[in-house]
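The residues making up each chain are set out below.
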Amino acid sequence: MSARPNTTTVESAAVESADPCCAAPLPVLGRDVTVPLVTGGEVTYAALDYAASAPALQRVWDDVAAYAPYYGSVHRGAGYLSQLSTDLFENSRVTVAEFLDCRPDDQVVFTRSTTDSLNLLAATIPAGCEVFVFETEHHASLLPWRDARVTYLNAPRTPEQAVETLERALADRDPYGPALVCVTGASNVTGELWPVKELAAAAHAHGARIVLDAAQLAPHHPVSVRELDVDWVAFSGHKLYAPFGSGVLAGRADWLQDSEPYLAGGGASRKVARRADGGVDVEWHTTAARHEAGSPNVIGVYSIASACKALTEAGFDSLVARERHLIATVREGLAEVPEVRVLSLFGDDAPRVGVISFVVDGWNSSHFAAALSAEYGIGVRDGLFCAHPLVRTLLGSDPQDPGECGAPEAAPGERSLNAIRVSFGAGTPDEHVERFVRAVKELVRDGAQWKYRTEDGRCVPDRG
């Protein structure tokens, strides 16, 4: 496999001298969609919720459309279309391995999402395994380890503190038992980059393994399994500019091979025979197929591979440089509004991807997000972002304060335990972030032009 250009740390992956003005946004679906405004008229929709689901690249959609007439079952058919689809499926596995700069013996397992990938890994960990996870993780990383001994680590306030916290926790564990560290590459709340290479070194120094949740990292920065020296990496297609329904778990094969299949069924089994006592004996595959039972999502897998190729060909140096330009536009604009507080663990100077969360004094976050949508045609996210402990920590709240993943029950104007998140990426035009900054300033200065009410837990325009 060919190594992709990378550096020893995620933070230095971009070339500072690249000119963002020379890089145009990548074409994505929905870029010309218009939406109605409650105040009258229509406007081109500004999709600024990439951290939840990024729009599909036009290139990916075109590749899928070109393949669609040749759709066929994989691994099981002798017909031409079945063989073509099988080749496409397995070549996609090679493409993803190259995109992640995997080691020769690593396996690439296709799943439904990052959540599915981490639950798969959780099902394969050896008995007695200790798992170490920071409270700052997305629930996909925080919650799958139900059958393991889990140590939840407090939120660090610097990258160095993150490494020190992990080292102390690992030093206190049983040095002879298996252990696993789970860490994000980029926070889905603050966008801040984590010291993945240093955390991997700390884990390995204490005999532990490490899995990287790259759901927010892979769409924005190159991810090299070799350079970061992680044991596994997980990510989702729908955040990597591919359609919904596909994900990846890539990395070491031994735990995957030694465990029972994640799902039992066709495709995972190599041989099944009846026994004399009436039962069945099963020989399971030792390849990635062991954990890919059932008819796979061929189109989803191919779309991930297409996105990997598109991002590689576009060049992460220019993509990262342009995104830094957008980040600076948003952060500088928000800094001009005293009522806005941007949430951060590591401080203003921390390297980050295009994910920024904030609160506005005097505003319910759901109300603010609803006004951005209804009056400006801007789509953002509000809530706790499926990272409840982290957002509560950043807001300095009591664990019993109300708040959930979606919108709060609080009415417009009432305080709520929630934040607003704006996120963007390779397909975001400058105009979208400029409109967002202008809208924030106008809403804080002038207030909403429309009345809003709470309906089914969401703040919506009052059309009555």
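Nothing here was measured: the structure is a model prediction, and the numbers come from that model. (Residues numbered from 1 in each chain as written. Predicted model: local features only at pLDDT ≥ 70, side-chain atom pairs only at ≥ 80, totals over all residues. Heavy atoms only, no water.)

## With respect to the pattern of salt bridges
- The full count for this structure, using the stated rule, is 24 salt bridges.
- Ionic pairing is found between aspartate 254 and arginine 209, a salt bridge with its closest N-O pair at 2.6 Å. Taken together, the residues aspartate 254 in helix H8 (residues 254-258) and arginine 209 in strand E8 (residues 209-213) connect sequence positions 45 residues apart.
- Given a relative accessible area of 26%, aspartate 254 falls into the partly exposed group.
- Linking arginine 275 and aspartate 281 is a salt bridge whose minimum nitrogen-to-oxygen distance equals 3.1 Å.
- Note on arginine 275: relative accessible area 33%, which makes it partly exposed.
- One salt-bridge network, held together by shared partners, links Arg209, Asp231, Arg252 and Asp254. (Salt bridge = Lys/Arg side-chain N within 4 Å of Asp/Glu carboxyl O. Helix = DSSP H or I, 4+ residues; strand = E, 2+ residues; numbered from the N terminus. Buried < 20%, exposed > 50% of the residue type's maximum accessible area, 1.4 Å probe, protein only.)

## Digging into the sheet that holds strand E6 (residues 149-153)
- Pairing is mixed across the open sheet formed by seven strands, whose spatial order is E4-E10-E9-E8-E7-E5-E6. Of all the strands in the sheet, the pair left with one neighbour each is strand E4 (107-111) and E6. Neighbour to neighbour, the strand axes of the sheet diverge by 20° on average, direction disregarded.
- Pairing analysis gives three bridges linking E8 to strand E9 (residues 232-236), with the strands arranged parallel. Its bridge partner lying in E9, aspartate 213 is registered against alanine 234.
- Packed on one face of the sheet, helix H2 (residues 80-99) meets E4, E9 and strand E10 (247-251) and runs near 115° to E4.
- Its contacts with the sheet put helix H5 (residues 159-171) on strand E5 (130-134), E6 and strand E7 (179-184), and the angle it makes with E5 is roughly 160°. (Pairing = 2+ DSSP bridges. Axes fitted to C-alpha atoms, helices over the stretch in contact; angles between N-to-C directions. Contact = heavy atoms within 4.5 Å.)

## Topic: the confidence of the model for the protein
- Summary statistics for the protein give a mean pLDDT of 91 and a share of 91% for residues scoring 70 or more.
- Considering only residues more than four positions removed or in separate chains, one finds that residues 1-18, a stretch of pLDDT under 50, has 47 contacts.
- Low confidence marks residues 404-408, where pLDDT is under 50. Its contacts with residues over four positions away, or in another chain, come to 24 contacts. (pLDDT = per-residue confidence, 0-100.)

## Structural notes on the packing of aromatic side chains
- This model, assessed by the stated rule, comprises 10 aromatic pairs.
- Between tyrosine 50 and tyrosine 241, the aromatic rings sit 6.0 Å apart at their centres with planes inclined by 70°, giving edge-to-face as the arrangement. Residue tyrosine 50 is found in the loop between strand E3 (46-47) and helix H1 (58-67), and its partner tyrosine 241 is found in the loop between E9 and E10; the two are separated by 191 residues along the sequence. A single burial state applies to tyrosine 50 and to tyrosine 241, both of which are buried.
- An angle of 70° between the planes, with centres 5.8 Å apart, marks the rings of tyrosine 67 and tyrosine 302 as edge-to-face. Of the two residues, tyrosine 67 is situated in helix H1 and tyrosine 302 in helix H9 (residues 298-314); the sequence distance between them amounts to 235 residues. The same class applies to tyrosine 67 and to tyrosine 302, which are both buried.
- Aromatic ring contacts, followed pair by pair, group Phe358, Trp363, Phe368 and Phe436 into a single cluster. (Phe/Tyr/Trp six-rings, centres within 6.5 Å; stacked < 30°, edge-to-face > 60°.)

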